[in-house]
Amino acid sequence: MDKHAERLYLAENSVFSFRDPRNYLGTLAAVERFLGHVVNSAWFLERWPVMEDVEVKLHDGRGSQTAWASPNVISLPRWARRKLVVLHELAHVVTWQCYGKDRPAHGRTFARVYLRLVRHVLGQEAARELRWAFRRHRIRFQRRK
Ligand SMILES: [Zn+2]
């Protein structure tokens with residue numbers, strides 16, 4: 001794993017919304033419902049209209065160590081079936097679909113999309129904490145000047 005991704009995982013594992021038991025979904029069915037609410041919401045589709053034509057598929061990642069995303073698939077082992085991780089993987093899908101497949105996996109665009117999703121779905125407090133964690137772990141999310 002590269003150093004940058006490692007720092008990002010450290011940052012997100014340090015925030016309360018990661019381990020908040022209320023954010024643990026557990027089953028794929030629960031993830032599906034949560035994800036459905038987000039990707040079908042007016043807020044989401046207004047912000048990223050390209051996503052109207054993208055069907056995000058869930059993959060049962062049981063038995064694998066890591067969660068991952070492709071431009072239209074999200075794979076989640078059991079531990080990863082929590083809201084913050086689902087939003088992380090969804091941020092990959094949105095970044096690749098809406099800003100180009102050449103974007104670095106955990107670059108600025110990804111981090112910005114991720115923060116935006118967290119702010120809207122989990123709230124101001126969760127977003128503030130994640131932003132602080134990004135700063136502490138030197139994860140860039142500001143648009144390049
Ligand atoms: Zn990632």
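Report follows, based on the coordinates. Just so it is clear, the model here is predicted, and its values are computed rather than measured.

## Details of unusual backbone geometry
Moving on, step 1. Of note, R138 is a non-glycine position whose phi angle comes to about 55 degrees, a positive value.
Moving on, step 2. Relative to the assigned elements, R138 resides in the segment after helix 7 (124-136).
Moving on, step 3. Since 10 C-beta atoms lie within 10 Å of it, R138 is described here as exposed.

## Quick notes on helix 6 (residues 108-121)
Note: α-helices contain 3.6 residues per turn, so residues at a spacing of three or four share the same orientation.
Moving on, step 1. For helix 6, with 14 residues, the first-to-last C-alpha span of 20 Å sits near the 20 Å given by 1.5 Å per residue.
Moving on, step 2. Buried within helix 6 we find T109, F110, A111, V113, Y114, L115, L117, V118 and V121.
Moving on, step 3. The elements touched by buried residues of helix 6 are helix 3 (28-39), helix 5 (83-99) and helix 7.
Moving on, step 4. Positive phi shows up at G123, right after helix 6, with a value of about 105 degrees.

## Let's talk about the pairing of strand 3 (residues 73-76)
Moving on, step 1. Every second residue of strand 3 is oriented toward a common face, the buried set being I74 and L76 and the non-buried set V73 and S75.
Moving on, step 2. Two strands pair when backbone bridges link them, and strand 1 (residues 57-60) and strand 3 are joined in this way by 4 bridges, in the parallel orientation. Bridge pairing links L58 to I74 in strand 3.
Moving on, step 3. In sequence, strand 2 (residues 68-69) turns back onto strand 3 through a hairpin of 3 residues.

Rules of the game
- Residues numbered from 1 in each chain as written.
- Predicted model: local features only at pLDDT ≥ 70, side-chain atom pairs only at ≥ 80, totals over all residues.
- Helix = DSSP H or I, 4+ residues; strand = E, 2+ residues; numbered from the N terminus.
- Buried ≥ 20, exposed ≤ 12 C-beta atoms within 10 Å, placed from the backbone.
- Expected span 1.5 Å × (residues − 1).
- Contact = placed C-beta atoms within 7 Å.
- Pairing = 2+ DSSP bridges.

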